[in-house]
Every structure is written in structure tokens, then in C-alpha cells.
Amino acid sequence: MIYPTSRAVAVMALGAPVALAIGLVQPNFWVAGVAWAVLVGALCLVDAVLGAPRDHTSLTLEAPGVLHTGASAPLTLKVVFERRAPADAEAAAQVNERLSLSADRVQVAVRRGEADAAFELSPVRRGQGEIERIWARWRGPFGLVWKQISQTPKRIIAITPNVSAVKDEAIRLFARDAMFGLKTQLETGDGSEFHALRELAPGMDRRAIDWKQSARHGKLLAKEYRTERNHPVIFAIDTGRLMCEPLLGMPRIDRAINAALLMAFVSLKLGDRVGFFGFDVKPRLFSGAASGAHAFPFLQRVAAQLDYSSEETNYTLALTQLGGALERRSLIVVFTDFADTTSAELMLENVGRLLKRHLVLFVIFRDEELEAIARREPVDPEAVSRAVTAEVLLRERDLVIAKLVRMGAHIVDAPAASVGPALLSAYIDLKRRDLM
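Residues numbered from 1 in each chain as written. Predicted model: local features only at pLDDT ≥ 70, side-chain atom pairs only at ≥ 80, totals over all residues. Heavy atoms only, no water.

Asks: Would you mind going over the sheet that holds strand β14 (residues 232-238) with me for this structure?
Replies: Hydrogen bonds between backbone groups are what pair the strands of a sheet, and the pairing can be parallel or antiparallel. The sheet built from six strands is open, its strands ordered β18-β17-β14-β19-β20-β21 with mixed pairing. Here the strands that pair on one side only, and so sit at the sheet edges, are β18 (283-286) and β21 (410-415). Mean inter-strand twist for the sheet, computed between neighbouring axes without regard to direction, equals 20 degrees. Running over the sheet, helix α7 (residues 315-325) touches β14, β17 (273-279), β18 and β19 (331-335) and is turned about 25 degrees from β18. (Pairing = 2+ DSSP bridges. Helix = DSSP H or I, 4+ residues; strand = E, 2+ residues; numbered from the N terminus. Axes fitted to C-alpha atoms, helices over the stretch in contact; angles between N-to-C directions. Contact = heavy atoms within 4.5 Å.)

Asks: Just checking my understanding: could you explain the layout of surface pockets for this structure?
Replies: One water molecule sets the probe size; rolling that probe over the atoms shows where empty space is left. Considering only enclosed or pocket space, the second largest pocket measures out at about 370 Å³ in volume. Lining the second largest pocket are 18 residues, with R252, D337, F338, D367 and L370 positioned closest to its centre. Of all the secondary structure elements, the ones that give two or more residues to the lining of the second largest pocket are β15 (246-247), β20 (359-366), α9 (368-375) and α10 (381-407). The class makeup of the residues in the lining of the second largest pocket is eleven nonpolar, one polar and six charged. (1 Å grid on protein atoms, 1.4 Å probe; cavity = no way out; pocket = protein on both sides within 12 Å on 5 of 7 lines; lining within 4 Å. Points joined across faces, edges and corners; volume = space filled by probe spheres on them. Nonpolar A, V, L, I, M, F, W, Y, C, P; charged D, E, K, R; others polar.)

Asks: Can you help me understand the sheet that holds strand β4 (residues 73-81) in this one?
Replies: Strand order in this open sheet of four strands is β2-β4-β8-β6, and the pairing throughout is antiparallel. One side of each edge strand has no neighbouring strand; the edge strands of this open sheet are β2 (57-62) and β6 (99-101). Within the sheet, the average angular offset between the axes of one strand and its neighbour, ignoring direction, is 25 degrees. Relative to β4, β2 runs antiparallel, the two sharing six bridges. Bridge pairing in β4 links L59 to V79.

Asks: It is not clear to me how the packing of aromatic side chains should be interpreted in this structure. Could you clarify?
Replies: Between two aromatic rings, the relevant description is the distance of the centres plus the angle of the planes. Enumeration over the complete set of coordinates arrives at seven aromatic pairs. Geometrically, the ring pair formed by F81 and W138 is edge-to-face, given 5.1 Å between the ring centres and 85 degrees between the ring planes. Note that F81 is positioned in strand β4 and W138 in strand β9 (residues 127-139), a separation of 57 residues in sequence. The buried category is assigned to W138, whose relative accessible area is 0%. Between F277 and F286 the ring centres are 6.0 Å apart and the planes differ by 70 degrees, which places this aromatic pair in the edge-to-face class. Through pairs of rings, three or more aromatic residues link up here, namely F277, F279, F286 and Y315. (Phe/Tyr/Trp six-rings, centres within 6.5 Å; stacked < 30°, edge-to-face > 60°. Buried < 20%, exposed > 50% of the residue type's maximum accessible area, 1.4 Å probe, protein only.)

Asks: Even after reading the chapter, I still don't get the environment of V266, so can you show me in this structure?
Replies: With respect to the secondary-structure elements, V266 resides in helix α5 (residues 252-269). By relative accessible area, which is 1% here, V266 ends up buried.

Asks: Looking at this model, I keep getting lost on the pairing of β17. Mind explaining?
Replies: Each regular strand carries side chains that alternate between the two faces of the sheet. The buried fraction of β17 is high, at six of seven residues. In this structure, β14 lies alongside β17, joined through seven bridges in parallel fashion. Counted as the bridge partner of F235 is F276 from β17. Across three bridges, β17 lies against β18 in antiparallel orientation. Considered in β18, the bridge of F277 is made with F286. Taking the residues between adjacent antiparallel strands as the criterion, β17 and β18 are bridged by three residues.

Here it is in C-alpha cells:
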């Protein structure tokens, strides 16, 4: 695209009164105005020809693949001029509603045929951010025309909860305090997978003695076990209407994703395979199970695709499809919410089918706001009505939890602020008890 600059418009406007005055005094000299316009147009054409050619100019975008909420990252547009580079250039970018830029456009100097325009990219909300369009423009040597190029990179940036602070807490779970230069590993000593033979020491279980190997080596040797690995761990996250309601200033789904990513980091480190399953009125995504610590950025991008929804949750369709997609016994961690026992009946029925083959762990956020209403001293009839309603809702919630426990599901019932550590404790306990 080529179009005139403000300087060209000003030059054209400067000659207009002169041409008008000449035309009024000498009507036969009306061509003076046309001549002035042609002269300015010719200068603009020459300026466009002498400026850096558009087909020999390229744009390169450098942007992060993952962005954490509450953090910012640099966004760089690199403009490369292969021929007749200008002295300076301007660059601009357009993002979707989940991202914001520090400036609409940036003017930079061109050195050795290259210009780097830097922006500050900040997330507005969790989800999938997108860089929709990028531009660069520069003036000709006379400053009369702009020459512009644009691209539509459609670059997707996953905006995920910031788990860097809690990731450090998770790393500390892998090693306990060192004593005499030895460090006890988390996975050693529990589970049912054979790890090694070691000489019997005080405190070891005598049932672990391998009598055949002991007779061969002439000393008592015991079998040492470790926690089994390579178990599928699937996070089934409800993205329906109830999970999108705020709890202590943050949507429940964001708290669920934060806790799921924390546990996913630990599960990958312990050798398990991790996947995400999102559903509301129908299944929205299923990532499959990934393994290895290098898979964590992939899981972050998958979690960013779990969008907010205003639909009611269809447990029958979602859990039936999830059960059919899993080929081996898995740990299914379900993040959901229910308003009453009636809405939870279909969920209980389908969870019962999953429990016949899989291990199901339910994560339920304790509604501290509702509990505060129920405990508050009633001072008027409206407060009494609110307290009674809150008490009924809490009682129905406890009834659903009791049914889940009787069916064989495991429950994590914790305040919203501490659901991540509580989920980790439950997961490690299941591995140590060899229930997976």
C-alpha cells in the first residue's frame, strides 16, 4: 500500500490558495492549479519510486509461545530492507481481546538495513491470545508518501495461570532433608515395582528378605521397591456455567487449571503420563496422554484452550466419551461443581461406570463465602433466609460427597487457595498406597 503523508497534503494545501487567487485574477490561468497538483503528484510518484521497494522488504515476528497471567513479555517486529533502506520506519501490531500492547505503533531507526520495533505484551485474561496482524511503513526520501506492508501471522499465544511460584514448591517434594550426605528419594521404598537388592538394615520389613539371593551371597539381602511409573493421569475439567462463576475473585475454572498444571508438573517428573479433557454441554478437547518433563509446555498450551462457557454441563455425554477413549486403567481427576443433588444425579450415575475400571479423584472447591453466610449471626429476616438457604446448599453438597465416597471415589475437599497442595498430597498418597 502506498499513500501520501501529511507533508504531501500540506504541500498540496499550501499551493491551493495561490492557485485560487491566480484563477480569480486571471481566469485564463486556471490551469495553474492543475499544474500545481500535477507537480505535487509527480513529486509523490518520484518519492515512491526512490523509496525502499515493498517487494524487497520483509517482516519477522518474535513472540512467546506461552504467557502467564500477571506477567508480561517482549514482542519484537523485525523489518529488513534489502534495497534503499530508509532512515527510519514505523511498526504496529494488532492483538485480540485477551492481549494488550504497550503502544499502538513504534517508530524506530533503521541501521544497516534492519529495524527492530519492541512492544510489551501483557495478558488480559486466561485463554488463547492471538497476534492477528502486523504492519510496517516508511517514508520516501522526500517524505511525501508512505509505503506500507502488512501480514496476518495468526500467531497463537497460550495464556495460562502463573504456576512458577508453586512449581518451586512442587520441586521440593522430590527430595527431603539431606542427612550425612544421603538424600532420600520420594519414589524409593514404596510401591510394588522392584528397584534393587540391598543388605538388610534395622527397620526394614523382614518380609522383603530374598532368601535365595541371601543364600547365594552369604548375607541377608532384602528387596527394595519403588512407586510404579507410566500411569495415565487425565484431568477432566468441567468448563460449564457453574465452573465459570467466580470464587473469591477468580473463576473456578482458573483455579482448577492452576491446580491441574501443578499436579501435571509433579506427575511428569514422577514418570506418569498426563492429559487434559475439557467438557461442558459436549466434550471440547482431549489431548491424549503425554510423558516426560518436556511435555509440560505442551500441556500449558492445551490448558489455555479450555475456554469459559455459559452452557450447562452434560455429564452423560462427556464421561461416556472419556471412558471410551481410555484404553487402560487411569487416574481421572475431575474438577466440577454442582448446585444441588438433582443436578448431580446424572454425574453420579456416570461416575459409577468409570469407577468399574478407573480410579476417580474428585476435586471440590470449598465455598467459603457460602459457609460464611451460613455461620453469620442473623440480625433480620433476610439474613435468616440467606443463612437457611446457605445451610441447605451446604448440606446437599455434603450429601453428594458422601455418595461419591460410598461409590469408591476419592475426594479432595479444600479451600480454593490451598486446593493445589491438597491435590498433590492426595495424588502422592494414592501412589504410595499403590492404588493406581
